[in-house]
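Here is how the chains run, residue by residue.
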Amino acid sequence: MDVIAYIGLGISAVFNGPALFSLLGLGIPTALVMLLLGLVTGIAVGGTPGLAGPMAMAVSLPILLSIFGVTPDALLPVFGFLIGVMKGATLGGAVPAILFNTPGTPDAFMTTLDGYPMKQRGMPRRALKIAHLSSVSGDTISDIVLFICAPFLAVMVEGFLDLPEKTALILLSLTFIASVIGNSVGKGLISVSLGLCAAYIATGDDFHPRLTLGVESLSEGFSMLSAVLGVLIIGEVFKGIEDLWRETGVVSGTVSKQGEVRDGLKKGDLRRILPHVLRSSAIGSAIGALPGVGSTLAATLGYSVGKSRHQRTAHPDDVPFGEGAPEGIAATEAANSSVSGANLIPVLSLGIPGNSAAVFLILAADSIGGFNPGPAVFNFTSPAVNPELVIAFGIFTLMAMGNLINWTLGGVFMRMMSVMVKIPQKALLPGVLLVTLTAIYVQESSLVAVWVAVAFGVLGYLFRKLDISVLPFVIAYILAEPLEKSARHAFAASGGDPWFLFSSPVSIALVLMAVVSIMLLSRSSRASREGESGRRKRRAVKADV
């Protein structure tokens, strides 16, 4: 079958799938309804400081699996909701950043620099509309990059990489993620190593449990859902509760007087922000395609490049960056939103998650079955219909429909969800903890899974106290199984050669890239820390003077 036929099957899988209800005699597809619910949920979560898209995805995944089951028909509805949350959370994060100077998500911090000053000048609607248009534009451009690059990369990997090369590629991904996430390459490597060790307890093709230390309760290993949710979500809740306990006061937002200013988009706004949207979308898409590099970096880089460009080309009457410039909002929102689609390039083409949101898409695919993200998905030469390829184009259809909904209704949802910022943290965190533990119990039907999640939550809390990023741990935990399988098969195919990683120029190059990435990024991280230490000393000297 050709590409056009598979695209048609993917669209049909979404629109002709199981109907949730009928409206005027027409069946409304379950996947589209779940996509809409996910978008609303994501915008609400993004508009609530202290929550984030991955947290909502983590809590909802076990509930979705309990509702839809683990049959192939559940894939697109579950993916639809998770994709909706992923898209909506980035869009919603701009709401409290603009209205209350409180970023709903970390990548919306740069939005406060111009969004809140514009609101103080009496133009909150204008700021929200610019954020909405820029965010959805960046997301759309990123999705187009995904639709083009993911199949191409997967076909290239499947056609040119053999088992040793694929093993080396996974090792390169793990070392790169460990090196770029967090403030220390060493701590990143520790996080990856602990993730691999935890995943290899009582697993693999051995005839007896391994790494159990003779403890019978470890003979069956850990539930992936409990481990991932424990480290990512419960650990964050524990840290948040400790921060609340230590908090001595609440800083209230400043209420400004709005002058008699006409609110809403002004003539020339679209022409003014378009170059910044295109530039930041390119930056965000390039950064998003790299595993482990998040939207916060994209937002910072997009804003910095936009500010530099604005300073060189701005008219004397233009508002400078940091004082309510519409270009500042556009540069930030386009950059952080354009990461979401590109982040799925390594997921769908290589099976390698690059951020927290991608982790839960991998978990959903692994829990339901019938779809294994990786190079084999984009197999167009199969004599029979490739069901995984149909699901992949169904996912592309859901992402395109999500953009369409965001273009038409996203701005309305953004304004509606501004009330979410008023939810106090002391009520929010216990609620998240309760819902997470309940969802784990509903999915696993075992109190042991709950206690495992709590134990991993303690581990995640310790990681945060020691300033060790938990994301390399989680990604290593997920990639442990494909890494072992690929290494075992490569070892067997080479006739038991222990140096199979050095059997081809490509695998040697990938291994060398892994070593070089650790060395270079370690040196860069050390120089950055020394520079920050020097700045702190200079500030201390000035304060003493």
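Residues numbered from 1 in each chain as written. Predicted model: local features only at pLDDT ≥ 70, side-chain atom pairs only at ≥ 80, totals over all residues. Heavy atoms only, no water.

Quick look at the overall build of the chain
On a plain count of helices and strands, the chain comes out with 20 helices and two strands. When each of the 545 residues of the chain is scored for burial, the buried share is 51%. Put simply, 77% of the contacts in the chain that link residues at least 6 apart link residues at least 24 apart. (Helix = DSSP H or I, 4+ residues; strand = E, 2+ residues; numbered from the N terminus. Buried < 20%, exposed > 50% of the residue type's maximum accessible area, 1.4 Å probe, protein only. Contact = heavy atoms within 4.5 Å.)

Digging into the environment of Ala364
Considering the arrangement of structural elements, one finds Ala364 in helix 15 (residues 356-368). A residue is classified by how much of its surface remains accessible, and Ala364, at 1% relative accessible area, is buried. Each C-alpha atom of the pair Ala364 and Phe79 lies 7.5 Å from the other, and the pair is 285 residues apart in sequence. Those residues in contact with Ala364 that lie beyond four places of it in its chain are Leu61, Val78, Phe79 and Leu82.

As for a nonpolar patch on the surface
Among the surface-exposed residues, Val3, Ile4, Ile7, Ile11 and Phe15 lie close enough to one another that they form a single nonpolar patch of about 410 Å² accessible area. Mapped onto the fold, Ile4 is located in helix 1 (residues 3-15). On the basis of relative accessibility, which here comes to 64%, the residue Ile4 falls in the exposed class. (Patch = residues over 30% accessible without salt bridge, like charges linked within 9 Å, V, L, I, M, F, W, Y side chains within 5 Å. Areas by Shrake-Rupley, 256 points an atom, 1.4 Å probe, with all protein chains shown as cover. Salt bridge = Lys/Arg side-chain N within 4 Å of Asp/Glu carboxyl O.)

Some details on the pairing of strand 1 (residues 19-23)
Remember that side chains alternate between the two faces of the sheet whenever the strand is regular. In terms of strand pairing, strand 1 meets strand 2 (residues 26-29) through four bridges, oriented antiparallel. In the sheet register, Ala19 faces strand 2, and the bridge partner there is Pro29. Here strand 1 hands over to strand 2 after two residues, with Leu24 in that stretch at a positive phi of 55 degrees. (Pairing = 2+ DSSP bridges.)

Description of the packing of helix 4 (residues 75-92) against helix 16 (residues 387-416)
At a closest axis distance of 9 Å, the pairing of helix 4 and helix 16 adopts a crossing angle of 40 degrees. Classed by the angle they form, the pair helix 4 and helix 16 counts as oblique. Relative to helix 16, helix 4 is oriented so that their crossing is right-handed. Residue-level inspection shows Leu75, Leu76, Phe79, Gly80, Ile83, Met86, Lys87 and Leu91 of helix 4 in contact with helix 16, the latter providing Ile391, Gly394, Ile395, Leu398, Met399, Gly402, Asn403, Asn406, Gly410 and Met414. For the contact of helix 4 with helix 16, a count of residues per class yields eleven nonpolar, six polar and one charged. (Axes fitted to C-alpha atoms, helices over the stretch in contact; angles between N-to-C directions. Parallel < 35°, antiparallel > 145°, perpendicular 65-115°, else oblique. Left-handed = near helix turned anticlockwise from the far one by under 90°. Nonpolar A, V, L, I, M, F, W, Y, C, P; charged D, E, K, R; others polar.)

Let's talk about the confidence of the model for the chain
Model confidence for the chain is summarised by a mean pLDDT of 82, while 88% of its residues fall at 70 or above. Looking across the chain, the model is least confident in helix 20 (residues 505-544), with a mean pLDDT of 70, and most confident in helix 18 (residues 447-465), with 91. (pLDDT = per-residue confidence, 0-100.)

Describing the nonpolar core
Counting 101 residues, the largest nonpolar core has Phe79, Leu174, Phe371, Phe378 and Ile395 as its most contacted members. The element best represented in this core is helix 16, accounting for eleven residues. Look past the residues within four positions of Ile395 in its chain and what remains in contact with it is Leu76, Phe79, Ile83, Leu348 and Phe371. Ranked by size, the runner-up nonpolar core spans 22 residues in total, among them Val95, Met123, Val277 and Ala334. (Core = buried A, V, L, I, M, F, W, Y, C linked by side-chain atoms within 4.5 Å.)

Quick notes on the packing of aromatic side chains
Under the defined criterion, the tally for this structure stands at eleven aromatic pairs. Centre to centre, the rings of Phe378 and Phe396 are 6.4 Å apart; their planes meet at 25 degrees, and the pair counts as stacked. Here the residue Phe378 occupies a position in the loop between helix 15 and helix 16, and Phe396 occupies one in helix 16, the gap between them amounting to 18 residues. No difference in accessibility class separates Phe378 from Phe396, as the two residues are buried. (Phe/Tyr/Trp six-rings, centres within 6.5 Å; stacked < 30°, edge-to-face > 60°.)

So, helix 16
Along its length, helix 16 reaches its greatest deviation from straightness, about 60 degrees, at Leu409. Here helix 16 lies mainly inside the structure; 21 of its 30 residues are buried. Taking the backbone nitrogen of Glu388 as reference, a side-chain oxygen 3.1 Å away marks Asn386 as the first, capping residue of helix 16. (Bend = angle between axes of the 7 residues up to and from the residue. Polar contact = N/O pair within 3.5 Å; in protein donor to acceptor, adjacent residues only side chain to side chain.)

Considering the packing of helix 2 (residues 30-46) against helix 4
Helix 4 packs onto helix 2 with a crossing angle of 30 degrees between their chain directions and a minimal axis gap of 6 Å. Considering the angle they form, helix 2 stands roughly parallel to helix 4. When the axes of helix 2 and helix 4 are compared, the crossing they make is right-handed. From helix 2, Thr30, Ala31, Met34, Leu35, Leu37, Gly38, Leu39, Thr41, Gly42, Ile43 and Gly46 reach across to helix 4, where they touch Leu76, Pro77, Gly80, Phe81, Ile83, Gly84, Val85, Lys87, Gly88, Ala89, Leu91 and Gly92. Of the residues in the contact of helix 2 with helix 4, the class split is 13 nonpolar, nine polar and one charged.

Topic: the environment of Leu128
For Leu128, the location among the structural elements is in helix 7 (residues 124-160). Accessibility expressed as a relative area gives 8% for Leu128, which makes it buried. In this structure, the C-alpha to C-alpha distance between Leu128 and Leu99, residues 29 residues apart in sequence, is 8.7 Å.

What to know about unusual backbone geometry
A positive phi angle, near 60 degrees, is found at Asp467, a position not held by glycine. Considering the arrangement of structural elements, one finds Asp467 in the loop between helix 18 and helix 19 (471-493). Relative accessible area serves as the criterion here: at 43%, Asp467 is assigned to the partly exposed category.

Some thoughts on the pattern of salt bridges
For the structure shown, the criterion picks out ten salt bridges. For Lys87, the salt bridge identified is with Asp143, shortest N-O distance 2.6 Å. Of this pair, Lys87 sits in helix 4 while Asp143 sits in helix 7, and the two are 56 residues apart along the sequence. With a relative accessible area of 3%, Lys87 lands in the buried category. In this structure Asp143 comes out as buried when scored by relative accessible area, which is 1%. For Glu242, the salt bridge identified is with Lys465, shortest N-O distance 3.1 Å. A residue pair is termed long-range when its members are at least 10 positions apart, and Glu242 in helix 10 (residues 224-246) and Lys465 in helix 18 qualify at 223 residues. You can call Glu242 buried: its relative accessible area is 12%. Residue Lys465 is classed as partly exposed on the basis of its relative accessible area, which comes to 40%.

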